[in-house]
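Given next are the chains, with one letter for each unit.
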Amino acid sequence: MRRWLATLALAPCVALAAEMPEAVRGALARSKVPESSVALLVAPVEGGEALLAHNATAPMNPASVMKLVTSYAALDLLGPAFTFKTDVLATGEVASGVLAGDLYVRGGGDPKLTYERLWQLARQLRARGVREIRGDIVVDRRYFAPVPHDPARFDQDPRRAYNVGADALLANFQAVEFRFVPGREGVRVIGTPDLPNVEIASRIQPTAEACGSWRQGLKHEVHENGLLATVLFSGRYPVACGEKSWSLAVLEGPRFTEGLLRWVWSEAGGVLRGKVRDGATPAEARLLYRHESEPLAALVRDMNKYSNNVMARHLYLALSAERSAVPGDAKASDRVLREWLRARDIAAPELVLENGSGLSRDERASASTLAAVLRSAWRSAVMPELAASLPVYAVDGTLKSRPGLGPAAAAHLKGGTLTGVQAIGGYVLDRNARRWVVVMIVNDPRAGGAQPALDALVEWVAAR
């Protein structure tokens, strides 16, 4: 009986809730999105009856709003101070700066092992007396279970950084950030990291057009040849945009990692005589250096503010890698997360999980379940970390360009966008200083035009 009452308290009562405001209905009508394609729920964070509810229990594709579930579960189960570990080990002896055997890099799932952090890792090895590696660099990826990943599966665009798969040794998000710099003689393209095995060519024509959707005027071609890649940009670029950046995956994962490891080791003044290959770390290998990621609270903030899908995949897999002591696996993480929901008295019979990021055509959640997650998080010890990780509406992150609400920080919301999906979920503070859980999901071929309806709901709640 006690568990049933707790579950009832977490799930907002929707039976007596009012229908959606006229401003929201009008915006939906203008976008030609039927109300049957919409689910929404607005409820006080402290509990009690929902203020608004519409199709609240219907299973919907929430896009990146699914990251709310992954974020809260990771913070609650692993802790805000949890860090991912990247270990560097060796089997041979180091004498006069020379490692006679192999160097092992054991990936620990760090989702933010950037170029700069790999450089720091290399410098730490140099500081410990390693100058030359006579053997190989062996990459151990066993923290995650091996699962084939097709980067073209989601939208047939395998070069987009959001399509990168999870990798226990994910180097620099497996992507190069290309920065477009317009000038009198054309548009220069600068790659970061500036890898010697990635050649960049620009045939971009600068234009006097308004900035707008600047990427639509650009085309890119990538030609791979072993560890070498040539990236050719062409098309038009509005000078009014100033400098913009675009991250692309230019090499398949292991080859990109090899190229980056070779480059940072060389930049640090190191010499590698062998090759870079995958393999298992032997039991007798001794630890030379352990590199720890930023704490989970900081990683979740980066992930949610900018809706980083590969970071979400890593957090999702870490649930099973850390809690079940098995290589991180999507099915095992599904079990861990569902057990956690039950322990939190959140019934989610419609929930469908694939990778925890929302970059999926299969994932499903109801507005009621997402609201229950948000309400539970508000009462939890990790509420400050989760709330601070969400974009501040009209101020930063992926929601920076939305209409303002007056006072800053009136709403902390996670947005979600896919073809046919628009969604928001989070917390809104009204002008009477009362805070509300707000969830709205649109699943419709015309969902791309429904953003004004989501804005109207946020504004309506904030103006109460």
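These figures come from a predicted structure and were not determined experimentally.

K.L.:
What's the story with the overall build of the protein chain in this structure? I'm lost.
P.N.:
Broken down by element type, the protein chain carries eleven helices and 20 strands. Along the three orthogonal principal directions, the C-alpha set of the protein chain runs to about 75 × 60 × 35 Å. For the protein chain, the residues scored as buried account for 55% of the 464 residues in total. Taking the intrachain contacts of the protein chain between residues at least 6 apart in sequence as the baseline, contacts between residues at least 24 apart amount to 72%. Accessible surface, the protein chain: about 19800 Å² in total, of which carbon and sulfur atoms supply 51%. Put simply, the protein chain has 56 plus and 49 minus side-chain charges, and the middle of one group is 2 Å from the middle of the other.

K.L.:
Even after reading the chapter, I still don't get the sheet that holds strand β16 (residues 276–278), so can you show me in this structure?
P.N.:
Whenever strands of a sheet pair, they do so through backbone hydrogen bonds, lying parallel or antiparallel. Taken in spatial order, the five strands make up an open sheet running β16-β8-β6-β3-β17, and their pairing is mixed. Each edge of the sheet is formed by a strand with only one pairing partner; in this case those strands are β16 and β17 (286–292). Within the sheet, the average angular offset between the axes of one strand and its neighbour, ignoring direction, is 20 degrees. The pairing of strand β8 (residues 137–140) with β16 spans three bridges and is parallel. Paired with valine 139 across the strands is aspartate 278, a residue of β16. Relative to β17, helix α4 (residues 115–127) is tilted by about 150 degrees, and along the sheet it contacts β3 (85–90), β6 (103–106) and β17.

K.L.:
Can you walk me through unusual backbone geometry in this structure?
P.N.:
The phi torsion of most residues other than glycine is negative, and most of the peptide bonds are trans. With an omega dihedral of 0 degrees, the bond running from threonine 192 to proline 193 counts as a cis peptide bond. By the secondary structure assignment, proline 193 is in the loop between β10 (186–192) and β11 (198–207). At aspartate 345, a residue that is not glycine, the phi angle is positive and equals roughly 60 degrees. Secondary-structure assignment places aspartate 345 in the loop between α8 (330–343) and α9 (367–378). Note on aspartate 345: relative accessible area 16%, which makes it buried. With a phi close to 70 degrees, alanine 394 is a non-glycine residue in the positive phi region.

K.L.:
When you look at the state of the cysteines in this model, what are you seeing that I'm missing?
P.N.:
Cysteine pairs can be linked by a disulfide, which is a covalent bond between their two sulfur atoms. Inspection of the entire model under this criterion finds one disulfide. One disulfide bridge connects cysteine 211 with cysteine 241, the sulfur atoms lying 2.0 Å from each other. The sign of the 110 degrees torsion about the S-S bond sets the cysteine 211-cysteine 241 disulfide as right-handed. One end of the pair, cysteine 211, is in the loop between β11 and β12 (218–225); the other, cysteine 241, is in the loop between β13 (228–238) and β14 (244–248), with 30 residues separating them in the sequence. Since its relative accessible area comes to 22%, cysteine 211 is described here as partly exposed. Classification of cysteine 241 as buried rests on a relative accessible area of 10%.

K.L.:
Explanation requested: the side chain of serine 389 in the structure shown.
P.N.:
The residue serine 389 is located in helix α10 (residues 383–389) in this model. At 2.7 Å, the side chain of serine 389 and the backbone oxygen of leucine 386 are in polar contact.

K.L.:
Just checking my understanding: could you explain the packing of aromatic side chains for this structure?
P.N.:
Remark: the centre distance and the inter-plane angle together describe each pair of aromatic rings, the angle taken between the planes. Inspection of every chain in the model, using the stated rule, returns ten aromatic pairs. Aromatic side chains tyrosine 143 and phenylalanine 144 sit 5.2 Å apart centroid to centroid with 45 degrees between the ring planes, which places their arrangement in the tilted category. Looking at phenylalanine 144, the relative accessible area reads 6%, which means it is buried. Taking 6.4 Å as the distance between ring centres and 90 degrees as the angle between the ring planes, the aromatic pair formed by tryptophan 214 and tryptophan 246 counts as edge-to-face. Pair noted here: tryptophan 214 is in the loop between β11 and β12 and tryptophan 246 is in strand β14, with a separation of 32 residues, a long-range link. On the basis of relative accessible area, tryptophan 214 is assigned to the buried category, the value being 11%. Connected via pairs of aromatic rings, a cluster forms that spans Phe178, Phe180, Trp214, Phe233, Tyr237 and Trp246.

K.L.:
It is not clear to me how the pattern of salt bridges should be interpreted in this structure. Could you clarify?
P.N.:
Any two side chains of opposite charge can pair, given that their charged atoms come close. Per the stated rule, a full pass over the model turns up 29 salt bridges. The shortest N-O distance in the salt bridge between arginine 25 and glutamate 35 comes to 3.2 Å. Of the two residues, arginine 25 is situated in helix α2 (residues 22–30) and glutamate 35 in the loop between α2 and β1 (38–44); the sequence distance between them amounts to ten residues. Looking at arginine 25, the relative accessible area reads 30%, which means it is partly exposed. Aspartate 455 serves as the salt-bridge partner of arginine 402, at 2.3 Å between the closest nitrogen and oxygen.

K.L.:
For this particular structure, what's the right way to read the sheet that holds β13?
P.N.:
Within the open sheet, the three strands sit side by side as β11-β13-β12. Their pairing is mixed. Only two strands of the sheet have a single partner each, and these edge strands are β11 and β12. Strand-to-strand, the axes of this sheet are offset by a mean angle of 5 degrees, without reference to chain direction. Direction of pairing for β12 relative to β13: antiparallel, over a ladder of eight bridges. Bridging from a neighbouring strand, histidine 223 pairs with threonine 230 of β13.

K.L.:
Any chance you could explain the environment of valine 373 here in plain terms?
P.N.:
Within the secondary structure, valine 373 sits in helix α9. According to the relative accessible area criterion, valine 373 is buried, its value standing at 2%. Taking the C-alpha atoms as reference, valine 373 lies 27 Å from alanine 27; in sequence the two are 346 residues apart. Those residues within four positions of valine 373 in sequence are excluded, and the remaining contacts are Leu68, Val69, Tyr72, Leu341 and Ile346.

K.L.:
In this structure, what is going on with the confidence of the model for the protein chain? I would like to understand it.
P.N.:
Caution is warranted with low-pLDDT regions, since their predicted coordinates should not be read in detail. For the protein chain, the mean per-residue pLDDT works out to 93, and 95% of the residues sit at or above 70. Segment residues 1–10 is flagged for pLDDT under 50; beyond a separation of four residues in sequence, or across chains, it makes 14 contacts in the model.

Conventions adopted
Residues numbered from 1 in each chain as written. Predicted model: local features only at pLDDT ≥ 70, side-chain atom pairs only at ≥ 80, totals over all residues. Heavy atoms only, no water. Helix = DSSP H or I, 4+ residues; strand = E, 2+ residues; numbered from the N terminus. Buried < 20%, exposed > 50% of the residue type's maximum accessible area, 1.4 Å probe, protein only. Contact = heavy atoms within 4.5 Å. Areas by Shrake-Rupley, 256 points an atom, 1.4 Å probe, with all protein chains shown as cover. Lys, Arg positive; Asp, Glu negative; His and termini not counted. Charge placed at Lys NZ, Arg CZ, Asp CG, Glu CD. Pairing = 2+ DSSP bridges. Axes fitted to C-alpha atoms, helices over the stretch in contact; angles between N-to-C directions. Disulfide = S-S within 2.5 Å. Polar contact = N/O pair within 3.5 Å; in protein donor to acceptor, adjacent residues only side chain to side chain. Phe/Tyr/Trp six-rings, centres within 6.5 Å; stacked < 30°, edge-to-face > 60°. Salt bridge = Lys/Arg side-chain N within 4 Å of Asp/Glu carboxyl O. pLDDT = per-residue confidence, 0-100.

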